[in-house]
Structure formats: C-alpha cells, structure tokens
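Listed here are the chains, written in short residue letters.
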Amino acid sequence: MRQRWTTAVLALTAILALACEEGGAGGRPGATTKPANTDLPSSMAAIGDSITAGLGACITYKGCGRQSWSTGESGLVDSHYRRLRDDNKAIKGNAHNYAVPGSRAADLPAQADKAVGAKVEYVTLLIGANDICRASVADMTPVADFRQSLDATLRRLKKGLPKARVLVVSVPDLNRLWEIGHKERRAVKAWSRGTCPALLANPTSTSAEDTGRRAAVAKRVDAYNGQLAAACKAYGNRCLYDGGAAHRVRFSLDMINRVDWFHPDSDGQRKLAEVTYPRRFAA
C-alpha cells in the first residue's frame, strides 16, 4: 500500500512539474516567456535640437535627456529606447543622445559623426524648429540650404552606418503654438523674452503684417517637411520618414512646459514618442 502511495505522489509531482514547464514564466498556465526580438536594433542615437535634448521637459529649465522622446529612460515618456528595450534587452544602456539645444540643420553633420563613432544600429533625426525660429522671416534658413545640410547628414550616416535604420521626423506644427497660446497671458509674457520671434513676435496682433508673417512660417515648415520626406526617400529603404505624424499632432497647452511655453513637457515628449515610433518595430 505504501509503495502504491509513493508511486502516485511521484507521478503527480511529475505532472505538476511538466505543467509548470509548459506554463512558462512564474508557472502560470498558458503563460509563455517573451523571446527577444533579434530583428530590433541593439543600440541607438538621437540627433537634433532642444526638443530631442528634452529642454524644459523636467522641473528645471535645462536639457533633460531622461525625458527625451527618443532616448529617454523615464517611464513618464515611454521613449523609443524604452519601447525597444521591452522587446530587446540587448539595447539596455546603449542609447546615446547627441542632440544640442539651438542646433539647426547645418549642425547635424557633426552630430551624425558622433552617431557613426558610436556604431549604433538606429538613429532618430528631428530638426527644423531653430531654422524657423530666427529674428525674422527673412532670416529663416533657405529651403535649399536646409536640404543641403540634410543630405550631408544622411550621407555621413549612410557611409558610416550602412546597415543602420534611420528615422526622419517631421517638423511639428509650430503655428499651433500661436493658435493655442496667444490668448494665454503667461504664454504671451514668456514669448516676449524673445522666443521664436519669426513666429511669436506680437502674438496678440491680428494685423495683416503679423498674420502674413505667421503664414510664411507655416509655409516654410511645410517646405522643410517636404525636403525631409524627399531626402529620406532618396536615402533608400533603411530610412523611414514619419509621414508627417509629428506635424499632425494637435497638441494642447498641457503638453508645453511652463517656463518658455514653447518646448514640450513630459506629456508632449510622450505624445511625440507615441506617434513617431516605427510600426515595423511595434509589430
């Protein structure tokens, strides 16, 4: 009798062990261990301006890389880096942010060289706001010059990182800032300190001159986005344009920091990460 009981216990133990094995993580029935997606990049770099550097996204008004939509580690933003890390642990600790506040398209080639030096497998590129935000419309970067700098940047990436994937992000709808903020007293006061004069000078004015200036800014943003799309297409199938996703975001004042009322806060950075994350990675 004792022998039969021992045999039954051993058999039951074997069945439970097999069930735990098949159940996966934690022994939960039906659960499976998520395999690493080896097709995802194991390293990345961000190049661009103050938006990607996370300026104003933290409590203090300075660059805040941990809140960057591209390479940030903060859970408040759920950046591209964090999303990739969820599916490919190999990227952990291999995200570099070379974006510099104040950068224009002409500054990108030097940043691209740093990305090449880091030998990364994925590069995000967002540029254009500072080419727009000059003292006047006449001072904005000419479209031809913008494209020339963009092509120089992409050439360096393609030569130095031929197998890397490159994401080119559209310039956000800067005129949306004026639309949602020109009746907000605190925003108007902040802009008066010299924030993006080509767009935000005389924000409460509806004169023909000021209205025309804002229209010229919108037209230039559209022209830049056209060049970003064309340059990415010319690069080849390793380059992905966001299709205007960043530009289409109808952001609210809740997504803008309360210092300069211009740069995105953590909510704005999170939205930017969400709309620009490549579908091929998400899939």
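The preceding data block contains the structure.
Below: a short report on this structure.

Rules of the game
- Residues numbered from 1 in each chain as written.
- Predicted model: local features only at pLDDT ≥ 70, side-chain atom pairs only at ≥ 80, totals over all residues.
- Heavy atoms only, no water.
- Helix = DSSP H or I, 4+ residues; strand = E, 2+ residues; numbered from the N terminus.
- Expected span 1.5 Å × (residues − 1).
- Buried < 20%, exposed > 50% of the residue type's maximum accessible area, 1.4 Å probe, protein only.
- Axes fitted to C-alpha atoms, helices over the stretch in contact; angles between N-to-C directions.
- Parallel < 35°, antiparallel > 145°, perpendicular 65-115°, else oblique.
- Contact = heavy atoms within 4.5 Å.
- Nonpolar A, V, L, I, M, F, W, Y, C, P; charged D, E, K, R; others polar.
- Disulfide = S-S within 2.5 Å.

So, about helix α10 (residues 208-235). With 28 residues, α10 extends 41 Å between its outermost C-alpha atoms, agreeing within 8% with the 40 Å of an ideal straight helix rising 1.5 Å per residue. The set of residues buried in α10 consists of Asp210, Arg213, Arg214, Val217, Val221, Tyr224, Asn225, Leu228, Ala231, Cys232 and Tyr235. Phi turns positive, to about 120°, at Gly236, one or two residues after α10.

Attention shifts here to the packing of helix α4 (residues 108-117) against helix α6 (residues 143-160). Following both chains from N to C, one finds α4 and α6 inclined at 10°, their axes separated by 8 Å at the closest point. Put simply, α4 runs roughly parallel to α6. Residues Leu108, Pro109, Ala110, Ala112, Asp113, Ala115 and Val116 of α4 lie in contact with α6, whose contacting residues are Ser149, Ala152, Thr153, Arg156, Leu157 and Gly160. Among the residues forming the contact of α4 with α6, the class breakdown is 8 nonpolar, 3 polar and 2 charged.

A positive phi angle, close to 45°, is found at Cys196, a residue other than glycine. Structurally, the position occupied by Cys196 is in the loop between α8 (185-191) and α9 (197-200). Phi at Trp261 takes a positive value of approximately 50°, unusual for a residue other than glycine. Within the secondary structure, Trp261 sits in the loop between α11 (245-248) and α12 (266-276). Here Trp261 falls in the buried class, since its relative accessible area comes to 4%.

The next thing to look at is the state of the cysteines. Applying the stated rule across the entire model yields 3 disulfides. The disulfide partner of Cys133 is Cys196, and the S-S distance across this bridge is 2.1 Å. Disulfide Cys133 to Cys196: torsion about the S-S bond roughly -80°, handedness left-handed. On the criterion of sequence distance, the pair formed by Cys133 in the loop between α5 (129-132) and α6 and Cys196 in the loop between α8 and α9 is long-range, its members being 63 residues apart. Judged by relative accessible area, which is 14%, Cys133 ranks as buried. For Cys232, the disulfide goes to Cys239, at an S-S distance of 2.1 Å. Taking the torsion about the S-S bond as the criterion, the Cys232 to Cys239 disulfide, at about -120°, is left-handed. For the pair Cys232 and Cys239, one class covers both residues: buried.

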